[in-house]
Amino acid sequence: MYIADEKRYEKMIYNRCGMSGLKLPALSLGMWHNFGDTGVYANMEQMCFTAFDNGITHFDLANNYGPKSGSAEENFGKILKEHFLPYRDELIISTKAGYGMWDGPYGDWGSRKYLIASLDQSLKRLGLDYVDIFYHHRMDPETPLEETMGALEQIVRSGKALYVGLSNYDGPTLEKATAILSSMNVPFIINQNKYNIMERNVETNGLKDTSFRLGKGIICFSPLAQGMLTDRYLNGIPQDSRVRTDGRFLSEDKISNERLANIRRLNDIAGERGQSLAEMALAWLLHDKAITSVIIGASRPQQILDNIGALKNTDFTDEELAAIDAVYESAI
């Protein structure tokens, strides 16, 4: 039977999520990849053990994570039942709904019908009575924002989620959603968005500044740009890389010679800091006071340990930040 490391909380930094009472680990474990039907269950177990043994208390899912859709929740639900139920109150478990999940007009986007039904399905797969955070996964251009936010309010009132979050929103829509949720006293505390050194849409669409001003946390996904901000592609594209084996989220045309040159420049900056490129990419996010947590993905336990190494140095000089920005600006 799994027994957690007694010193786990000495190994992690915990940040307050905006102006809420909830703290999240600086690094959270995401299950977008490698926890579906194509993953190896024993490896999933070991990754969860490694994460929690090192103070990672937050496990991030969505209804459609797989493949197939729902399988990541099913596998994590099995791990919870077999190993983590004694630690349930030490865990933050989040899931989402907003992308296509089942056929027909009620299995996508942001209607009350979809969000409530989807969370009920997620709870069954996870074997839980509630999740800690439930997100609307993306903005819906057709459903009234009042309806979507009203569904989140009902979900909290029903006891099926403790907090709510928004994912892939922009600044103006976030501001409108916050006003609606605040009027209903809904504990909306966090935004989840893609953010990394080379992808900074949250800076240009108003999300980052608006979230910070409103006292909401930000949790970043794809901090390593699907592996580009690691040493994986420094010498070209390996045959066993995700680009070659699964091009859904990182295609070969994104690994241009110009992009490789920029990655090598960033790697040089990281080396001067005594870090790997991945460590610096994570540290760059965590040095920002607007960022609560960074979601890491992993295909094996050692990658989790390697990423935790980023916490040893999250301070940057003005010169280092300027050099990193120069690389980003040259790639725009």
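Described below are features of the structure shown in this document. Predicted model, so just to flag it, every value in this text is computed and none were measured.

1. Digging into the overall build of the chain
Here's step 1: Along the chain, the regular secondary structure elements total 12 helices and 10 strands.
Here's step 2: Taking 2.2 N^0.38 as the reference for a compact globule, 332 residues should give roughly 20 Å; the C-alpha atoms of the chain span a radius of gyration of 19 Å, in line with that estimate.
Here's step 3: Counting contacts in the chain only where the partners sit at least 6 residues apart, residues at least 24 apart contribute 76% of the total.
Here's step 4: Accessible surface computed for the chain: about 14600 Å², of which carbon and sulfur atoms make up 48%.
Here's step 5: One way to put it: in the chain the 35 positive side-chain charges average out to a point 3 Å from where the 44 negative ones average out.

2. Considerations on the nonpolar core
Here's step 1: If you look at the biggest cluster of nonpolar residues, it comprises 94 residues, and the most contacted ones within it are Phe-84 and Leu-266.
Here's step 2: Leaving out residues up to four positions away in the same chain, Leu-266 has contacts with Ile-197, Met-198, Leu-229, Leu-277, Met-280, Ile-324 and Val-327.
Here's step 3: Counting residues in each nonpolar core, the second largest holds 11 residues, with Cys-17, Leu-22, Ile-133 and Ile-295 among its members.

3. Considering the sheet that holds strand E9 (residues 217–221)
Here's step 1: Around the barrel, which closes on itself, the 8 strands sit in the order E3-E4-E5-E6-E7-E8-E9-E10 with parallel pairing between neighbours. Strand-to-strand twist across the sheet, computed as the mean angle between neighbouring axes with direction ignored, equals 30°.
Here's step 2: Pairing between strand E3 (residues 27–30) and strand E4 (residues 58–60): 2 bridges, direction parallel. When the bridges of E4 are listed, Leu-29 appears paired with Phe-59.
Here's step 3: Docked against the sheet, helix H10 (residues 277–286) engages E3, E9 and strand E10 (293–296), running at close to 150° with respect to E10.

4. Focus on helix H2 (residues 71–84)
Here's step 1: Taking 1.5 Å as the rise per residue, H2 with 14 residues should run 20 Å; its terminal C-alpha atoms sit 18 Å apart, in good agreement.
Here's step 2: Taking burial as the measure, the 14 residues of H2 include 10 buried ones, the bulk of the element.
Here's step 3: Restricting attention to buried positions, one finds in H2 the residues Ser-71, Ala-72, Glu-73, Asn-75, Phe-76, Gly-77, Ile-79, Leu-80, His-83 and Phe-84.
Here's step 4: Packing partners of the buried residues in H2 comprise helix H1 (41–53), E4, strand E5 (92–97) and helix H3 (112–126).

5. Concerning the pattern of salt bridges
Here's step 1: With the rule as written, the count across this model stands at 13 salt bridges.
Here's step 2: When the shortest N-O distance is used, the salt bridge between Arg-200 and Asp-325 registers 2.9 Å. Of this pair, Arg-200 sits in the loop between strand E8 (188–194) and helix H6 (201–204) while Asp-325 sits in helix H12 (residues 318–331), and the two are 125 residues apart along the sequence.
Here's step 3: Exposure remark for Arg-200: the relative accessible area of 7% places this residue in the buried category.

6. Thoughts on unusual backbone geometry
Here's step 1: In this structure, Pro-67 follows Gly-66 across a cis peptide bond, with omega equal to -5°.
Here's step 2: Within the secondary structure layout, Pro-67 lies in the loop between E4 and H2.
Here's step 3: In the segment running from Pro-67 into Lys-68, the intervening peptide bond is cis, with an omega of -10°.
Here's step 4: Tracing the backbone through its elements, the reader meets Lys-68 in the loop between E4 and H2.
Here's step 5: Of note in the backbone geometry, Ser-222 takes a positive phi value of approximately 55° without being a glycine.
Here's step 6: Structurally, the position occupied by Ser-222 is in the loop between E9 and helix H8 (242–245).
Here's step 7: A positive phi angle, near 55°, is found at Gln-226, a position not held by glycine.

7. A word on the packing of aromatic side chains
Here's step 1: Counting across every chain of the model gives 13 aromatic pairs.
Here's step 2: Centre to centre, the rings of Tyr-2 and Tyr-87 are 6.0 Å apart; their planes meet at 65°, and the pair counts as edge-to-face. Taken together, the positions of Tyr-2 in the segment before strand E1 (14–16) and Tyr-87 in the loop between H2 and E5 put the pair 85 residues apart, joining distant regions of the chain. With respect to burial, Tyr-2 and Tyr-87 carry one shared label: buried.
Here's step 3: Connected via pairs of aromatic rings, a cluster forms that spans Tyr-2, Phe-49, Phe-52, Phe-59, Phe-76, Phe-84 and Tyr-87.
Here's step 4: Against the face of Trp-109 rests Arg-138, its NZ or CZ located 3.6 Å from the ring centre.
Here's step 5: A cation over an aromatic ring shows up here: Arg-273 above the ring of Phe-316, its NZ or CZ 3.7 Å from the ring centre.

8. So, the pairing of E8
Here's step 1: For E8, a buried count of 6 out of 7 residues is recorded, marking the element as mostly surrounded by other parts of the structure.
Here's step 2: Bridging between strand E7 (residues 161–167) and E8 involves 4 bridges; their strand directions are parallel. Residue pairing across strands places Gly-165 opposite Ile-190, the latter belonging to E8.
Here's step 3: The handedness of the E7 to E8 crossover, carried by helix H5 (residues 171–183), is right-handed.
Here's step 4: In the sheet, E8 pairs with E9 via 5 bridges, with the strands oriented parallel.

Rules used in this analysis
Residues numbered from 1 in each chain as written. Predicted model: local features only at pLDDT ≥ 70, side-chain atom pairs only at ≥ 80, totals over all residues. Heavy atoms only, no water. Helix = DSSP H or I, 4+ residues; strand = E, 2+ residues; numbered from the N terminus. Rg over C-alpha atoms; globule rule 2.2 N^0.38 Å. Contact = heavy atoms within 4.5 Å. Areas by Shrake-Rupley, 256 points an atom, 1.4 Å probe, with all protein chains shown as cover. Lys, Arg positive; Asp, Glu negative; His and termini not counted. Charge placed at Lys NZ, Arg CZ, Asp CG, Glu CD. Core = buried A, V, L, I, M, F, W, Y, C linked by side-chain atoms within 4.5 Å. Buried < 20%, exposed > 50% of the residue type's maximum accessible area, 1.4 Å probe, protein only. Pairing = 2+ DSSP bridges. Axes fitted to C-alpha atoms, helices over the stretch in contact; angles between N-to-C directions. Expected span 1.5 Å × (residues − 1). Salt bridge = Lys/Arg side-chain N within 4 Å of Asp/Glu carboxyl O. Phe/Tyr/Trp six-rings, centres within 6.5 Å; stacked < 30°, edge-to-face > 60°. Lys NZ or Arg CZ within 6 Å of the ring centre and 35° of its normal. Right-handed = clockwise from strand over helix to strand, strands pointing away.

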